[in-house]
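Per-entry structural report
Each chain, written out:
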Amino acid sequence: MGLDSYLYKKSYVRSGEWVKPEFRTEVEVKTGGEIDKNIKPERIRYIVEEVAYWRKANQIHNWFVQNVQGGIDECQSSYVSRDNLEELLDLCKQVDSDNELADSLLPSTSGFFFGGTEYDEWYFKDISNTITFLEECLSDELADEFEYSASW
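Residues numbered from 1 in each chain as written. Predicted model: local features only at pLDDT ≥ 70, side-chain atom pairs only at ≥ 80, totals over all residues. Heavy atoms only, no water.

1. Quick word on the overall build of the protein
Within the protein, the regular secondary structure consists of four helices and six strands. Of the regular secondary structure in the protein, the N- to C-terminal order runs β-β-β-β-α-β-α-α-α-β. In terms of overall dimensions, the protein has a C-alpha envelope of 55 × 30 × 30 Å along the principal axes. The buried share among the 152 residues of the protein stands at 36%. A total of about 9,400 Å² of accessible surface is found on the protein, and carbon and sulfur atoms cover 47% of it. Placing the 15 positive and 31 negative side-chain charges of the protein at their respective mean positions leaves the two points 12 Å apart. (Helix = DSSP H or I, 4+ residues; strand = E, 2+ residues; numbered from the N terminus. Buried < 20%, exposed > 50% of the residue type's maximum accessible area, 1.4 Å probe, protein only. Areas by Shrake-Rupley, 256 points an atom, 1.4 Å probe, with all protein chains shown as cover. Lys, Arg positive; Asp, Glu negative; His and termini not counted. Charge placed at Lys NZ, Arg CZ, Asp CG, Glu CD.)

2. Section: the sheet that holds strand β6 (residues 145-151)
Strand order in the open sheet made by the four strands is β4-β1-β6-β5, with antiparallel pairing throughout. Looking at the sheet topology across the chains shown, the edges are occupied by β4 (46-55) and β5 (78-80). Each neighbouring strand pair of the sheet contributes to a mean axis angle of 30 degrees, computed without reference to strand direction. Here strand β1 (residues 4-12) runs beside β6; their pairing, made up of seven bridges, is antiparallel. (Pairing = 2+ DSSP bridges. Axes fitted to C-alpha atoms, helices over the stretch in contact; angles between N-to-C directions.)

Purely geometric numbers; function is a separate question.
Below is the structure:
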């Protein structure tokens, strides 16, 4: 039990006869090594990948709530733009470079099983992990749809 947060990347599946062959995406789903006949590849429009997972990283969750979810924290999924991710990455890098900025740039927050609110090794490990996650996400220049969700 506790705060679990996720960032997903949504990739559009370019399929159909109207898509030029060099841009067409083919999807194949297998179960037990065999093509799964219950899933129709031609109906798949998005592939959703979990690109980040945080456990009790309440400072990161707080940033998403305040900057993406309009201050509403109801375990909802929310669209996240590349600009949002670039902004969060910049803040994380600033905090990583100067730990004294943590409370003003990415403050911790308390909540139902949200973990500690101290600016300790766990806080800064979450910052470091977030930098890694976001740099990887943003290195994919074609990725432009992201979604954040959290539960506790």
